[in-house]
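Structural characterization, general
Here's the letter readout for the chains.
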Amino acid sequence: MGIVINEDCMGCESCVELCPDVFEMNADGDLAVVKDPDSTLDCVGEAIDACPAQAISRE
Ligand code: SF4
């Protein structure tokens, strides 16, 4: 399944700043989206830990 962001995302952009190869903001700039769900980069774990909404998970 890979990396997913649920509806709790509040668009803080923290994950995008920490891990820009994996996360990006959507066209409206209000929610993050995953552009590389299969990434194994260490920054994914950092982004999961840093997300204030606990909206990111690996499934
Ligand atoms: S860190 Fe969490 S709340 Fe912030 S943009 Fe990323 S998924 Fe959304």
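Before reading further, recall that the structure is shown in the block above.
In this report, we go over the structure that sits alongside the text. (Residues numbered from 1 in each chain as written. Predicted model: local features only at pLDDT ≥ 70, side-chain atom pairs only at ≥ 80, totals over all residues. Heavy atoms only, no water.)

1. As for the site of the ligand
- Around the ligand, the neighbouring residues are I5, C9, M10, G11, C12, E13, S14, C15, A32, C51 and I56.
- Structurally, the ligand is housed in the largest cavity.
- Here the residues of the shell around the ligand sort into eight nonpolar, two polar and one charged. (Near = heavy atom within 4 Å. 1 Å grid on protein atoms, 1.4 Å probe; cavity = no way out; pocket = protein on both sides within 12 Å on 5 of 7 lines; lining within 4 Å. Sits in = over half its atoms within 2 Å of the grid points. Nonpolar A, V, L, I, M, F, W, Y, C, P; charged D, E, K, R; others polar.)

2. Digging into the nonpolar core
- Among the nonpolar cores identified, the biggest contains 16 residues, and I3, C15, C19, V22, F23 and I56 are the most heavily contacted of them.
- The dominant element in this core, judged by the number of residues it contributes, is helix 2 (residues 42–50), at three residues.
- The contacts of V22, once residues within four sequence positions are left out, are I3, V33, V34, K35, D36, S39, L41 and V44. (Core = buried A, V, L, I, M, F, W, Y, C linked by side-chain atoms within 4.5 Å. Buried < 20%, exposed > 50% of the residue type's maximum accessible area, 1.4 Å probe, protein only. Helix = DSSP H or I, 4+ residues; strand = E, 2+ residues; numbered from the N terminus. Contact = heavy atoms within 4.5 Å.)

3. Describing unusual backbone geometry
- You will see that E13, though not glycine, has its phi angle at about 75°, which is positive.
- Inspection of the secondary structure puts E13 in the loop between strand 1 (3–5) and helix 1 (14–18).
- A positive phi angle is found at Q54, which is not glycine, with a value near 50°.
- Mapped onto the elements, Q54 comes out in the loop between helix 2 and strand 4 (56–58).

4. Looking at the environment of E46
- As for its position among the elements, E46 is in helix 2.
- Residue E46 is classed as partly exposed on the basis of its relative accessible area, which comes to 43%.

5. Observations regarding the environment of I3
- Along the chain, I3 turns up in strand 1.
- Sequence-wise, I3 and S14 are 11 residues apart; in three dimensions their C-alpha atoms are separated by 16 Å.
- Excluding residues that lie within four positions of it along the chain, I3 makes contacts with V22, F23, V34, D36, P37, S39, V44, I56, S57 and R58.

Keep in mind that these numbers describe shape and distance, not what the molecule does.
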